[in-house]
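Fold and contact review
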Amino acid sequence: QVQLVESGGGLVQAGGSLRLSCAASASTFGSYAMGWFRQAPGKEREFVAQISSWSGGATNYADSVKGRFTISRDNAKNTAFLQMNSLKPEDTAVYYCAASVFTLPTNSEDTYEYWGQGTQVTVSS
C-alpha cells in the first residue's frame, strides 16, 4: 500500500508559477512510476504528466502543458514534483498525484493504482 500526499497548491495570478509536491509513504518509491492528473469543475479528470520509475528518464506531458510544466522526482526523499510555469486560468483544477507499478504507464488513470487526495490550484486572470 502506498499513501500519497500532495502539497503546494494555492492561488496564483496568470503567468505565475507553482510547484506541487507529492510525498509517498512507500520505501520502494523509486519502483513506482508517478503521474499527475487534474480535474476542473464540471469536467472529467485528465492526464497532465508522468515520469517513469527509478531514474525517471522518460517523461510524458499533455499537449496543453508541454513547455510550461515539468515533472521530476527525488527518490531519496520519496517525493515527486510538478513545476508549473506560465500558469493560465484554464489550469485551475484539483491536482492529483498517482503511483503506478508499471515502469511507464499509459496516460489512462486506469494504469495507476494509488492516488492522493488532491491539492487545489486556482489561477486568476
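Scroll up to find the structure.
Calculation notes
- Residues numbered from 1 in each chain as written.
- Predicted model: local features only at pLDDT ≥ 70, side-chain atom pairs only at ≥ 80, totals over all residues.
- Heavy atoms only, no water.
- Core = buried A, V, L, I, M, F, W, Y, C linked by side-chain atoms within 4.5 Å.
- Buried < 20%, exposed > 50% of the residue type's maximum accessible area, 1.4 Å probe, protein only.
- Helix = DSSP H or I, 4+ residues; strand = E, 2+ residues; numbered from the N terminus.
- Pairing = 2+ DSSP bridges.
- Axes fitted to C-alpha atoms, helices over the stretch in contact; angles between N-to-C directions.
- Disulfide = S-S within 2.5 Å.

A separate point is the nonpolar core. With 35 residues, the main nonpolar core has Leu-4, Met-34, Trp-36, Leu-82, Met-84 and Tyr-95 as its most contacted residues. When residues of this core are traced back to their parent elements, those giving at least two are strand 3 (18–24), strand 4 (33–39), strand 5 (46–51), strand 7 (69–74), strand 8 (79–84), strand 9 (93–100) and strand 11 (119–124).

Another point: the sheet that holds strand 3. Spatially, 1-3-8-7 is the arrangement adopted by the four strands of the open sheet, whose pairing is antiparallel. Because the sheet does not close on itself, it has two edges, and the strands there are strand 1 (4–7) and strand 7. Pairwise comparison of adjacent strand axes, ignoring direction, gives a mean angle of 15 degrees for this sheet.

Per the counting criterion, the structure on display carries one disulfide. Residue pairing for Cys-22: its cysteine sulfur links by disulfide to Cys-97, the two sulfurs lying 2.0 Å apart. When the S-S torsion is 55 degrees, as for the bridge of Cys-22 with Cys-97, the disulfide is right-handed. Placement of Cys-22 in strand 3 and of Cys-97 in strand 9 is noted, with a sequence separation of 75 residues between them. For Cys-97, a relative accessible area of 1% corresponds to the buried category.

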